[in-house]
Amino acid sequence: MNKIKKIYCRTYQGVLRAALPFLPYRNPKILHSVTEIPGVLTERGLKRPLLVTDGSIRGLGLTERLEEVLKESGEPAFVYDRTEQNPTTRMVAEALQVYRDNGCDCIISFGGGSPMDCAKAVGACVARPRKPLKKMAGILKVGRRIPLLIAVPTTAGTGSETTLAAVIVDSETRHKYVVNDFPLIPSYAVLDPAVIATLPSSIAAATGMDALTHAVEAYIGRSSTGYTRREAKKAVRAVFHDIEAAAAHTSLRAEKGMLIAAHRAGRAFTRSYVGYIHAVSHSLSGMYDMPHGRTNAVLLPLVLEMYGKTVHRKLAELAVCAGIGKASEGQEILAGKFIGAIYRLNEKLGIPKKIEGIAEEDIDTLASYADREANPLYPVPVLWDKEALKEVYRKARG
């Protein structure tokens, strides 16, 4: 990256970091069961919720308990269940139409990051009916309160139930962009381990590694704070401790632990941001519809290696925190142990070492998307331009 662009990026990031203490971040209130939701709606005088989910989740019967308690309380849900992996502007428009046609007054998202992103985008469109969604891409472009949003995560990974971001794919261009604004933070998050108990192990593994990626990128970035570092450390420790049992569904305690870990990681990265791992991953899932958690899992150790000694100190701290090594071993050794532990964890969880399907002729466009997303916003340990980012894609595909 040329010197002028570096100065611009670091200045931009410095201004945002200085503003952090004054920005209206908030944590959603925690509920521990979907059966608590009707009480929240009754308390607020809301009677017509839009339930945003996807067909597979509903087909598995995961939403039945919620739909039944809502119906029994006199607040039956109007359902949009056509959200798919990597939600598009078309899906947001369809869900918004269901909201408007039925006079809905609040939104419940039920699922992984995709239904949550779709629900947040619907809320943004309700709040700003005359502003196209693509015009809200970026930072602080919603600017108005959205309808009450309750998030029920069915994966212990995305952390979307605590973030201010909605990631959407343009249906026409396949460009993936992010809408970031404080009104998008859900008012309530339901951390109910019963909801994730039937999640396929492969999805539980990938989304759990997504949570680890959130925590690590928040920790190693240059905009971390005491609060975000504490939350990230707790998340990293919990992921290494609980992810294998949670993915195999052998421990309800571990599944609850992963829900909390993902939530903590979400609290960390929504304040300290992510980095090039997410920028590259978003471009891949946007163009090829690849699972976001899995691409993050593959990219995480690879990009940490590419960052080199710049991240050794912080990775060493995470290694000690996770019980992977002892402080006396030295930063470089501990950083290597931490990266090695991620590779081994991926292998145990059945996650591949490389990402297949990245076409050489697409790399220029992919790198442009990643560069546009990450620079100047993400306070990464090392600044890379488009040309440097191309190397990430080539290494990722082997």
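These numbers come from a predicted model, not from an experiment.

A. Representation of empty space enclosed by the protein in the model. Across all of its chains, the model carries 1 cavity of 30 Å³ or more by this definition. The space that makes up the largest cavity amounts to roughly 80 Å³. Taken together, Thr155, Ala156, Ile196, Leu199, Ala204, Thr207, Ile243, Ala246, Ala247, His249, Glu255 and Met258 make up the lining of the largest cavity. Where the lining of the largest cavity is concerned, the elements lending two or more residues are helix H8 (201-220), helix H9 (226-248) and helix H10 (252-272). When residues in the lining of the largest cavity are grouped by element, the largest group, 3 residues, is from H9. Taken together, the residues that form the lining of the largest cavity break down as 8 nonpolar, 3 polar and 1 charged.

B. Molecular detail of the packing of H8 against helix H14 (residues 331-348). Close contact between H8 and H14 brings their axes to 12 Å; oriented N to C, the two are set at 165 degrees. By the criterion of interaxial angle, the relationship of H8 to H14 is roughly antiparallel. Both H8 and H14 take part in a crossing whose hand is left-handed. Of the residues in H14, those in contact with Met209, Leu212 and Val216 of H8 are Phe338, Ile342, Leu345 and Asn346. Among the residues forming the contact of H8 with H14, the class breakdown is 6 nonpolar, 1 polar and no charged.

C. View of the pattern of salt bridges. Applying the stated criterion across every chain, the model contains 17 salt bridges. Among the salt bridges present, the one from Asp364 reaches Lys390, with a minimum N-O distance of 3.0 Å. Remark: Lys390 occurs in helix H16 (residues 386-396) and Asp364 occurs in helix H15 (residues 363-374); sequence separation between them is 26 residues. Ionic pairing is found between Glu387 and Lys390, a salt bridge with its closest N-O pair at 3.1 Å. One end of the pair is Glu387 and the other is Lys390, both in helix H16 and 3 residues apart, which spans about a single turn. Three or more residues joined by partner-sharing salt bridges are found here, namely Asp364, Lys386, Glu387 and Lys390.

Parameters and conventions
- Residues numbered from 1 in each chain as written.
- Predicted model: local features only at pLDDT ≥ 70, side-chain atom pairs only at ≥ 80, totals over all residues.
- Heavy atoms only, no water.
- 1 Å grid on protein atoms, 1.4 Å probe; cavity = no way out; pocket = protein on both sides within 12 Å on 5 of 7 lines; lining within 4 Å.
- Points joined across faces, edges and corners; volume = space filled by probe spheres on them.
- Helix = DSSP H or I, 4+ residues; strand = E, 2+ residues; numbered from the N terminus.
- Nonpolar A, V, L, I, M, F, W, Y, C, P; charged D, E, K, R; others polar.
- Axes fitted to C-alpha atoms, helices over the stretch in contact; angles between N-to-C directions.
- Parallel < 35°, antiparallel > 145°, perpendicular 65-115°, else oblique.
- Left-handed = near helix turned anticlockwise from the far one by under 90°.
- Contact = heavy atoms within 4.5 Å.
- Salt bridge = Lys/Arg side-chain N within 4 Å of Asp/Glu carboxyl O.

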